[in-house]
Amino acid sequence: MRAPFLLPLAALSTLGAAQVLPAEFGIGYASSARFARDSGGYGRLTGPELTIQQKLLNVPLLGEASIGVSAFLGGVLQNGGDTDGNVFRVFARGKSPGAGPNGMYFIGGPYMAFGSGRGGSFGEVNGVGLDIGVGIPLALNLGLPSMPSTSVEIINHQGSRAELRGWSVGIMIRM
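Residues numbered from 1 in each chain as written. Predicted model: local features only at pLDDT ≥ 70, side-chain atom pairs only at ≥ 80, totals over all residues. Heavy atoms only, no water.

**A look at the nonpolar core**
In step 1: Judged by nonpolar contacts, the single largest core of 13 residues is most densely connected at Leu-45, Val-87 and Leu-164.
In step 2: Contributions of two or more residues to this core are made by β6 (81-95) and β7 (105-118). (Core = buried A, V, L, I, M, F, W, Y, C linked by side-chain atoms within 4.5 Å. Buried < 20%, exposed > 50% of the residue type's maximum accessible area, 1.4 Å probe, protein only. Helix = DSSP H or I, 4+ residues; strand = E, 2+ residues; numbered from the N terminus.)

As structure tokens, this is what we get:
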């Protein structure tokens with residue numbers, strides 16, 4: 001199960017070490033809230049989520065602001081039927097300065113999402129919401145100047161539509 005995630009992480013780390021991509025990339029796992037399926041019953045999207053974001057501003061003592069996009073590619077057999085669909089988010093996030101001995105930081109900001117279901121899961125949905133989360137830096141840097149920094153981010157996605165609400169856990173690689 002871990003093998004599909006190792007190749008993209010290795011590729012991104014190599015590009016980061018070469019200073020080719022000046023952004024932050026993430027790969028993780030996400031799950032939506034439980035929702036009523038169009039074809040009857042209930043379902044929940046679960047699956048991989050890919051994220052890319054660009055830092056816009058970094059202010060000492062206040063943190064940093066960034067913008068980005070994410071693609072949640074969900075699909076799972078649940079509650080007697082296939083639940084399949086994708087959710088794409090465009091977001092603006094603020095990150096607090098690191099605190100505590102491990103440099104934990106807090107994340108928050110608005111998003112706009114576009115969802116599309118397949119196979120009777122749900123129709124097209126759009127909405128806005130709020131991301132609230134926490135990040136924990138990982139000690140994978142080894143002290144080399146060209147190595148990218150990594151962190152684990154856990155984010156709760158709040159919103160008006162159940163298909164767009166949920167949570168995600170991912171590894172973020174900062175180039």
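More follows now that the structure is in view.
**What about the pattern of salt bridges?**
In step 1: Going through the model one piece at a time under the given rule, you end up with seven salt bridges.
In step 2: Between Arg-89 and Glu-49 there is a salt bridge, with its nearest N and O atoms 3.6 Å apart. Linking Arg-89 in strand β6 with Glu-49 in strand β4 (residues 46-59), this pair joins segments that are 40 residues apart in sequence.
In step 3: Glu-153 is paired through a salt bridge with Lys-95; the nearest N and O atoms lie 3.0 Å apart. Highlighted residues: Glu-153 in strand β9 (residues 149-159) and Lys-95 in strand β6, separated in sequence by 58 residues.
In step 4: With relative accessibility at 4%, the residue Glu-153 sits in the buried group.
In step 5: Through salt bridges with shared partners, a single ionic network connects Glu-24, Glu-64, Lys-95, Glu-153 and Arg-174. (Salt bridge = Lys/Arg side-chain N within 4 Å of Asp/Glu carboxyl O.)

**Things to note about a nonpolar patch on the surface**
In step 1: On the surface, Leu-50, Ile-52, Val-69, Leu-73, Phe-88, Val-90, Met-112, Phe-114 and Val-128 cluster together into a nonpolar patch covering about 730 Å² of accessible area.
In step 2: Going through the elements one at a time, β4, β5 (63-78), β6 and β7 are the ones with two or more residues in the nonpolar patch.
In step 3: Within the secondary structure, Leu-73 sits in strand β5.
In step 4: For Leu-73, a relative accessible area of 36% corresponds to the partly exposed category. (Patch = residues over 30% accessible without salt bridge, like charges linked within 9 Å, V, L, I, M, F, W, Y side chains within 5 Å. Areas by Shrake-Rupley, 256 points an atom, 1.4 Å probe, with all protein chains shown as cover.)

**A short note on the packing of aromatic side chains**
In step 1: Scanning the entire structure with this criterion turns up two aromatic pairs.
In step 2: Relative to Trp-167, the ring of Tyr-29 has its centre 6.0 Å away and its plane inclined at 50°; by these criteria the two rings are tilted. Remark: Trp-167 occurs in strand β10 (residues 166-174) and Tyr-29 occurs in strand β1 (residues 24-32); sequence separation between them is 138 residues.
In step 3: Of the residues examined, Trp-167 reaches a relative accessible area of 37% and is grouped as partly exposed.
In step 4: Taking 5.3 Å as the distance between ring centres and 85° as the angle between the ring planes, the aromatic pair formed by Phe-35 and Phe-122 counts as edge-to-face. Here the residue Phe-35 occupies a position in strand β2 (residues 35-36), and Phe-122 occupies one in the loop between β7 and β8 (124-138), the gap between them amounting to 87 residues. Both residues of the pair, Phe-35 and Phe-122, belong to the buried class.
In step 5: Here the guanidinium or amino end of Arg-34 rests over the ring plane of Tyr-42, the centre of that ring lying 3.9 Å away.
In step 6: Arg-89 extends its terminal NZ or CZ atom over the ring of Tyr-111, reaching a point 4.9 Å from the ring centre. (Phe/Tyr/Trp six-rings, centres within 6.5 Å; stacked < 30°, edge-to-face > 60°. Lys NZ or Arg CZ within 6 Å of the ring centre and 35° of its normal.)

**Focus on the confidence of the model for the protein**
Low pLDDT marks regions whose predicted coordinates should not be analysed in detail.
In step 1: Put simply, the protein has an average pLDDT of 81, and 77% of its residues get 70 or more.
In step 2: No element of the protein has a lower mean pLDDT than helix α1 (residues 3-17), at 49, and none a higher one than β1, at 94.
In step 3: Residue range residues 1-6 is modelled with pLDDT below 50. Its contacts to residues more than four positions away, or to other chains, number two contacts.
In step 4: Counted against residues more than four places away or in other chains, residues 15-20, with its pLDDT under 50, gives seven contacts. (pLDDT = per-residue confidence, 0-100. Contact = heavy atoms within 4.5 Å.)

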